[in-house]
Amino acid sequence: MHGRILYYNDMTGTGTIANLHRRVFEFTKQSWHDRRSLPEREMFVDFRLDEHGKVTDCKESSFKQLKKSYPISENDFWATADDQKLEERSNEAKEALILQGIHTLDPAKPLPLTLPMDRCFDLFFSEELEMLTRYEELFANESSYRFVDYAKLKPFLQKAKAHLLSLDPSIGYEPFLEAEQDIRKLEALLEGMDWVFRLESRALFEEMFLKHQIVYLQAKRRFSLELERVSQLEARAKKIPFDLETLKKRAASVSDPKMRISYEEKMAHLAKESEACQRELALRQKSAELLGVQMERFEKANFEELMEAYNFGEQKEKVRFYLRRILDYLGYVLDYTIWEHASTSKNIASSFYNQGIQGGFNAFSFLRYYLKPLDKSRLSLQDKELYRYLCEYEAKETIKFLVVSEDAEFAMMLKRRLLGAQKDVLVYAFSRGVDSMPYIKSVSVHAAFVDMEIRSIKIEEWLEFFEQHTPSPDAKIFCWVLGFGDAREELLKTHRCLTLKKSLGEEKLAKMLECLLPTLKKG
């Protein structure tokens, strides 16, 4: 049955459909069986009902796609019961268009284009190009946006989101719906692109270009009819001499003059038919020959233009590249949304950050958690790729902090603030200064927060060690102080330290971090 969606709620997964007679049916996301699209208001759909009148199978109608290639309208959609009938009606409309000019076609004239190459390309990739147009700002100012490798990060994005919603159900699905809807659409488009890349060049040429060339299709149909008629005429031309010979024998064997005259008239008629048959056969053969030449020229010229002059291989690769780029951007958007809602959730603050986790609540932390217990020297090829990607992303995008303090409460508060101030942050926290020293050698941190009152090592020794071993000359050292004399102030100046009082409170600390993070270099 055909209908149009009147209403759909993404959060509840419920909606309504109206058919031609304005009868309304309710449906749920469980009855939606279309991987290429999600239900949305005003969408044309094809659906089925069970014996109780409930929607059991619903998907987007093929009407949107069919009308790009066939002369059909919304009236045709409503006049047909389902997509199968609509496709039949579409084929009938196209067939009528082809037959309309089939007999007026001049076989001697070159075949004109019905649609130019670029228009055929736009039709073939209409959904893909529509998506690219929606995100054209992304490509105009790409340096202003952030990206992740969605293909690699996908399972960890799903885990992060599922964990977030299980820990804090109040967040709900709504913040993720827009990005996830486009992600699902892009995944379906890219799956379709994989099919395009698997197509043999000639099949792709026919699917993308020739099916839109009405004059060419008229010539092809005329060519087929001419060959069929030639076959009939050749068969008749072969049979006429036998029929003549038979009539001659019969005429010679009869004594009745009237019968002989009848046979002679039949032989004269066959002789004329033979002449007419030969004339028509010659015309049909010539017509078929000319049509064959024109079609061959048309196909050859346009196939070469598609593959060489129009550079179709590069064009379709560009489309696929940009679709993947949008997917990588939306992967970052989804990851940022997860982190953003987690950073303001009290449920997450009271559970997730209290664990020995170095990163914020995002997909990369779940990726680290997955890779942590694995022997890095014996990783599978897939895990090697994940580990390599994680290392590259951290080197390029992540800001790393070192926290050294025996004040566990204050250290945890600072860690939460750091992880909640920006998505791509790592915090290495230690209660003893001595324990932090191996990390200073192995990890390039952007800023260190060290308590002046650490006891496992003298603060002077720790500061000197940090300056000697940290690769970044721009790394800032923030020393937490409760109050100290002039001598300690001079010490801080010699080690390019900035002071941070524990008494300043969380709100002031948060504002300070907002000012600090943009000044820190990445990598």
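See the structure shown above.
As the structure is a prediction and not an experimental result, all values here were calculated from the model.

K.L.:
Explain the layout of surface pockets to me, please; I cannot follow it from the model alone.
P.N.:
For the largest pocket, the calculated volume is near 820 Å³. Lining the largest pocket are 30 residues, and of these Arg36, Gln65, Leu66, Phe124 and Glu127 lie nearest its centre. Of all the elements in the fold, those that place two or more residues in the lining of the largest pocket are strand E5 (55–60), helix H1 (63–69), helix H3 (83–100), helix H4 (117–124), helix H5 (126–134) and helix H8 (174–198). By residue number, the principal contributor to the lining of the largest pocket is H8, which donates six residues. For the lining of the largest pocket, the residue count by class is nine nonpolar, eight polar and 13 charged.

K.L.:
How should I be thinking about a nonpolar patch on the surface in this particular structure?
P.N.:
Taken together, the side chains of Leu6, Tyr7 and Val24 make up a nonpolar region of the molecular surface, amounting to roughly 270 Å² of accessible area. Topologically, Val24 is positioned in strand E3 (residues 24–28). For Val24, a relative accessible area of 48% puts it in the partly exposed group.

K.L.:
What's the story with the pattern of salt bridges in this structure? I'm lost.
P.N.:
Oppositely charged side chains can form a pair if their charged atoms are brought close together. Tallying each qualifying case throughout the model produces 34 salt bridges. Salt-bridge contacts for Glu299 lead to Arg202; the nearest nitrogen and oxygen are separated by 3.1 Å. With Glu299 in helix H11 (residues 257–309) and Arg202 in helix H9 (residues 201–208), the pair connects residues that are 97 residues apart, well separated along the chain. Salt bridges here are not isolated pairs; linked through shared partners, they connect Arg146, Asp335, Glu397, Lys423 and Asp424.

Cut-offs applied
- Residues numbered from 1 in each chain as written.
- Predicted model: local features only at pLDDT ≥ 70, side-chain atom pairs only at ≥ 80, totals over all residues.
- Heavy atoms only, no water.
- 1 Å grid on protein atoms, 1.4 Å probe; cavity = no way out; pocket = protein on both sides within 12 Å on 5 of 7 lines; lining within 4 Å.
- Points joined across faces, edges and corners; volume = space filled by probe spheres on them.
- Helix = DSSP H or I, 4+ residues; strand = E, 2+ residues; numbered from the N terminus.
- Nonpolar A, V, L, I, M, F, W, Y, C, P; charged D, E, K, R; others polar.
- Patch = residues over 30% accessible without salt bridge, like charges linked within 9 Å, V, L, I, M, F, W, Y side chains within 5 Å.
- Areas by Shrake-Rupley, 256 points an atom, 1.4 Å probe, with all protein chains shown as cover.
- Salt bridge = Lys/Arg side-chain N within 4 Å of Asp/Glu carboxyl O.
- Buried < 20%, exposed > 50% of the residue type's maximum accessible area, 1.4 Å probe, protein only.

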